[in-house]
Amino acid sequence: MKRWLLAALGVFFMGLAQAAAWPSPPEVAGKAYLLIDLKANQVLASRDADKPVEPASLTKLMAAYVVFDALKNKRMALDQTLTISERAWRMQGSRMFIEPNWQVPVEDLIKGMIVQSGNDATVALAEGVAGTVEQFVELMNQQAKALGMVNTTYRNPEGMPAEGHTTTANDLATLATRLYRDFPEYVGYYAIQRYHYPGTPKANDMNRNLLLYRDPTVDGLKTGHTQAAGYCLVATAKRPVPGVPGEERRLLSVVLGASSALARANESQKLLNWGFAAFRVARLPKDGDALVKPQVWFGMADVAELGVPGGLWVAAPQGANGQLRTRLDYPKQLKAPLEAGATVGKVEVLWGDGDQVLTRGELKVIEAVPEAGLMKRLWHHLLLSLD
């Protein structure tokens, strides 16, 4: 059963103009791009987001995911040392410059993989987690499948060119989103600007993500480059939500196939700034408030409070009041007992006169409704039989 709340969102965008066009994204020089508002879990703009591309060192995002999972599940420890193999030492491309038989702590190898984009550090971690690089790559592909990255296949952990080693902007965004959601205790490594391990060249200490030095709101995420892939960057920025103290909003951009390291930074900055300026976010409704209070049968209470715990965040164009609609879908007859937190339906926020869904969430019971006594239940049975 679907119900429309035509004015529900107007409360959250009061004072804005009554009409707004959907913002046109800036021109982005690259093979593909994607911009997502992680606060609202919405795609704000994209081009060729499902086009297969070589990920280059963006591969290390999945390598990091598998390593972080091993840390979280106590299969590895940050202070654990790993012996550097000859295979790791012989890796070409970007390196940490660690030597064979060195005993290097896992945390330093993680910094080497993330900050320096070290292929040697990545292979050392792969061997430490899975025993062999090949077994680690199997774990990467299994994890990609589990995350729903349907257009991604890994052939190695570091991102060197290999036949069939491909991904898409959409899959990279899925992976980056899950990194922040699943491992908030570890994603801080991506904001480190400089790092080098003792005994290695100090000149090799710079994070290749130029936005970390340019924009203080940027705190990640990873660069990549090969001749075939071009210059790539998955970037994140976090800024305060205007008018909502204590709330922050994170945007995630994916730019693939730019012409230079400077171009990938400029195009990513352009996307992020546009997203923050062209869209605003609001929470529907306030935390803990009900979206709807339908009748309940056989309950101690006559109505149930249904909503989205924590509120449903939506990103909409500036001045979008009057163009947002909320669609609720829940059973016509709700019957007690209803437990707090139980999912009874869904809510969707739509744009304009069509069926473009901006965001959706689960409609849950906010306050439990226990079953009523015998007499009330019998009375409700009678009323339903007459309906």
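Below or above, wherever it landed, is the structure these notes cover. Just so we're clear, the structure is a prediction, and the values are computed from it rather than from any experiment. (Residues numbered from 1 in each chain as written. Predicted model: local features only at pLDDT ≥ 70, side-chain atom pairs only at ≥ 80, totals over all residues. Heavy atoms only, no water.)

### Some remarks on the environment of Pro25
Its place among the elements puts Pro25 in the loop between strand S1 (2-5) and strand S2 (32-37). Residues Pro25 and Tyr189 lie 164 residues apart in sequence; the distance between their C-alpha atoms is 30 Å. In this structure, Pro25 is in contact with Tyr33, Ala45 and Trp274, ignoring residues within four places of it in sequence. (Helix = DSSP H or I, 4+ residues; strand = E, 2+ residues; numbered from the N terminus. Contact = heavy atoms within 4.5 Å.)

### Focus on the nonpolar core
Across soluble globular proteins, nonpolar side chains have a tendency to be buried as a group. Grouped together as the largest cluster of nonpolar side chains are 66 residues, with contacts concentrated most on Met62, Phe68, Leu109, Ile110, Tyr190 and Leu256. The set of elements that each furnish at least two residues to this core consists of S2, helix H1 (60-72), helix H3 (106-114), helix H4 (119-130), helix H5 (133-146), helix H6 (169-182), strand S7 (230-240) and strand S8 (248-258). With 10 residues, the single largest contributor to this core is H1. Filtering out sequence-adjacent residues up to four positions away, Met62 remains in contact with Met140, Gln143, Ala144, Leu147, Met149, Tyr154 and Leu175. (Core = buried A, V, L, I, M, F, W, Y, C linked by side-chain atoms within 4.5 Å. Buried < 20%, exposed > 50% of the residue type's maximum accessible area, 1.4 Å probe, protein only.)

### With respect to the packing of H1 against H5
Relative to each other, H1 and H5 sit at 95°, their axes nearing to 10 Å. As the angle between them shows, H1 and H5 are arranged roughly perpendicular. Where H1 abuts H5, its residues Met62, Ala63, Tyr65, Val66 and Val67 lie against Phe136, Leu139, Met140, Gln143 and Ala144. (Axes fitted to C-alpha atoms, helices over the stretch in contact; angles between N-to-C directions. Parallel < 35°, antiparallel > 145°, perpendicular 65-115°, else oblique.)

### As for a nonpolar patch on the surface
Side chains of Trp379, Leu382, Leu383 and Leu386 sit close together on the surface and give an oily, nonpolar patch of about 420 Å² of accessible area. Following the sequence through the fold, Trp379 ends up in helix H9 (residues 374-386). (Patch = residues over 30% accessible without salt bridge, like charges linked within 9 Å, V, L, I, M, F, W, Y side chains within 5 Å. Areas by Shrake-Rupley, 256 points an atom, 1.4 Å probe, with all protein chains shown as cover. Salt bridge = Lys/Arg side-chain N within 4 Å of Asp/Glu carboxyl O.)

### With respect to H4
Taking 1.5 Å of rise per residue, the 12 residues of H4 would be expected to cover 16 Å, and the 16 Å separating its terminal C-alpha atoms lies within 8% of that figure. Counting buried positions over the 12 residues of H4 gives 9, a clear majority of the element. For H4, every residue scored as buried is listed here: Asn119, Asp120, Ala121, Thr122, Val123, Ala124, Leu125, Ala126 and Ala130. Along its buried surface, H4 packs onto H1, strand S4 (81-83), helix H2 (86-89), H3 and H5. (Expected span 1.5 Å × (residues − 1).)

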